[in-house]
Amino acid sequence: MTHLWDRPEVFQFLALFLLGSGLVGLIYRRTLLGMLISVELIMNGAGLNLVLADRFFHPTVPTGEVFTLFIMGVAASEVAIALGIVLLLFRRSKGIEPEGLKELKG
Amino acid sequence: MNLGELVFLCISAMVVLGALGAVLSNSLVYAVFFLLLAMGGIGGLYIYLGAPFLAMMQVLIYMGAVGVLLIFAVMLAGPFWKRPKERGPFVKGAVAVAVGGLALVVLLRILGHHHWEVMPPRASTPEEVGRAIMDRFPLAFELVSLLIVASIIAAIMLGVLSRRREG
């Protein structure tokens, strides 16, 4: 008898669910921080996808785990930059909604 | 159903609930906590996938560092009543659900068409992960560290610029 965690479809569905809900939040949210949270969801889904491919289809060398570690580093630096930008925007315009940001429009 | 399957179902429910709450909740603080719930669930999934080192890193980096940074950002971004409403108009929500659902369904169909050959389970040790990083991808490793240094310098510069403009 195969367990639930021995089937790749379950993990694939969870990773795709994270991607789908991240896309929904990216369109639906109105503040920059909400969009940032959705991007984190998408990155987590990508990491889960890499690890499941590593475990189910190529288990000799943990390449997927290595790239998930790289994704974690990229996500951490991205959040640091985004925090700085959001704070700068908040001090300048007293609001973090992207609709109020018209300075970079041509 | 044995204990392992029960725990697995609980973890999957954590991931799904956390993702839905992070996207749909009305307050940003709750959204961050739901995101932390989903990240913890993903750490549990990593253990079921035979990657305990990655589960530890998930708890340390995502739930620790990224979670604290996001909570700081939410706290520093002004009081609640001054913020705009989190959720957009109804049409935008319908479009968002359509796009997300379409991506989910199409990608699931694509993955379902392929017949996957599943290997037997195997847990990887931290030593193997370290060897894979250092033997196979040293350039990518160094580039990630360069990226982190650049982002730290950029964050400091953003803070300095905002302070100079105020004073």
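Calculation rules
Residues numbered from 1 in each chain as written. Chains lettered and ligands numbered in written order. Predicted model: local features only at pLDDT ≥ 70, side-chain atom pairs only at ≥ 80, totals over all residues. Helix = DSSP H or I, 4+ residues; strand = E, 2+ residues; numbered from the N terminus. Buried ≥ 20, exposed ≤ 12 C-beta atoms within 10 Å, placed from the backbone. Contact = placed C-beta atoms within 7 Å. Rg over C-alpha atoms; globule rule 2.2 N^0.38 Å. Nonpolar A, V, L, I, M, F, W, Y, C, P; charged D, E, K, R; others polar. pLDDT = per-residue confidence, 0-100. Core = buried A, V, L, I, M, F, W, Y, C linked by C-beta atoms within 7 Å. Domains from an automatic or database assignment. Axes fitted to C-alpha atoms, helices over the stretch in contact; angles between N-to-C directions. Parallel < 35°, antiparallel > 145°, perpendicular 65-115°, else oblique. Expected span 1.5 Å × (residues − 1). Bend = angle between axes of the 7 residues up to and from the residue.

Of the regular secondary structure elements, chain A holds three helices and zero strands. The secondary structure elements of chain A, listed N-terminal to C-terminal, are α-α-α. The burial tally for chain A puts 51% of its 106 residues in the buried class. Across chain A, contacts joining residues at least 24 apart in sequence account for 46% of those joining residues at least 6 apart.

When helices and strands are counted, chain B shows six helices and zero strands. Each helix and strand of chain B, ordered N terminal to C terminal, gives the series α-α-α-α-α-α. Here the C-alpha radius of gyration of chain B, 21 Å, is well above what a compact globule of 167 residues would show, namely 15 Å. Each principal axis of the C-alpha distribution contributes one length, and for chain B these read about 60 × 45 × 30 Å. For chain B, buried positions account for 25% of its 167 residues.

As a further point, take the interface of chain B and chain A. On the side of chain A, 65 residues touch chain B, which itself brings 80 residues to the contact. Going through the elements one at a time, helix H1 (3-24), helix H2 (28-48), helix H3 (52-76), helix H4 (90-113), helix H5 (126-136) and helix H6 (138-166) of chain B are the ones with two or more residues in the side of chain B that touches chain A. For the side of chain B that touches chain A, the class distribution of residues is 59 nonpolar, 12 polar and nine charged.

Across chain A, the average pLDDT comes to 84, with 86% of residues at or above 70. Least confident of the elements in chain A is helix H3 (residues 63-93) of chain A, whose mean pLDDT is 86; most confident is helix H1 (residues 8-28) of chain A, at 92.

Take the nonpolar core next. Counting residues in each nonpolar core, the largest one holds 64 residues, and the members touching the most others are Ile-37 and Leu-48 of chain A together with Ala-22, Leu-35, Ala-38 and Leu-45 of chain B. Contributing elements (two or more residues each) for this core: H1, helix H2 (32-57) and H3 of chain A together with H1, H2, H3 and H5 of chain B. The element that contributes the greatest number of residues to this core is H2 of chain B, accounting for 12 residues. Beyond its immediate stretch of four places on either side in the chain, Leu-35 of chain B contacts Ile-37, Glu-40 and Leu-41 of chain A together with Gly-18 and Ala-22 of chain B.

As a further point, take the domain arrangement of chain B. In terms of domain boundaries, chain B breaks down into domain 1 (1-81) and domain 2 (125-167). Inter-centroid distance (C-alpha atoms) of domain 1 of chain B to domain 2 of chain B is 23 Å.

What follows covers the packing of H1 of chain A against H1 of chain B. The N-to-C vectors of H1 of chain A and H1 of chain B enclose an angle of 10 degrees; their axes lie 9 Å apart at closest approach. On the basis of the axis angle, H1 of chain A is roughly parallel to H1 of chain B. On H1 of chain B, the residues touching Leu-14, Phe-17, Leu-18, Ser-21, Val-24, Gly-25 and Tyr-28 of chain A of H1 of chain A are Ser-12, Val-15, Val-16, Ala-19, Leu-20, Ala-22 and Val-23 of chain B. Residue composition of the contact of H1 of chain A with H1 of chain B, by class: 11 nonpolar, three polar and no charged.

Let us look at the environment of Tyr-46 of chain B. One can find Tyr-46 of chain B in helix H2. Taking the C-alpha atoms as reference, Tyr-46 of chain B lies 24 Å from Ser-145 of chain B; in sequence the two are 99 residues apart. Among residues more than four places away in sequence, those in contact with Tyr-46 of chain B are Val-51 of chain A together with Ala-51, Leu-54, Ala-55 and Gln-58 of chain B.

What follows concerns H3 of chain B. Residue and element names in this part refer to chain B. Taking 1.5 Å per residue as the helical rise, H3 with its 25 residues ought to reach 36 Å, and the 34 Å between its terminal C-alpha atoms agrees with that figure. Largest kink in H3: about 30 degrees, centred on Gly-67. Among all positions of H3, only Leu-54, Met-57, Gln-58, Tyr-62, Val-66, Gly-67, Leu-70, Ala-73 and Val-74 are buried.

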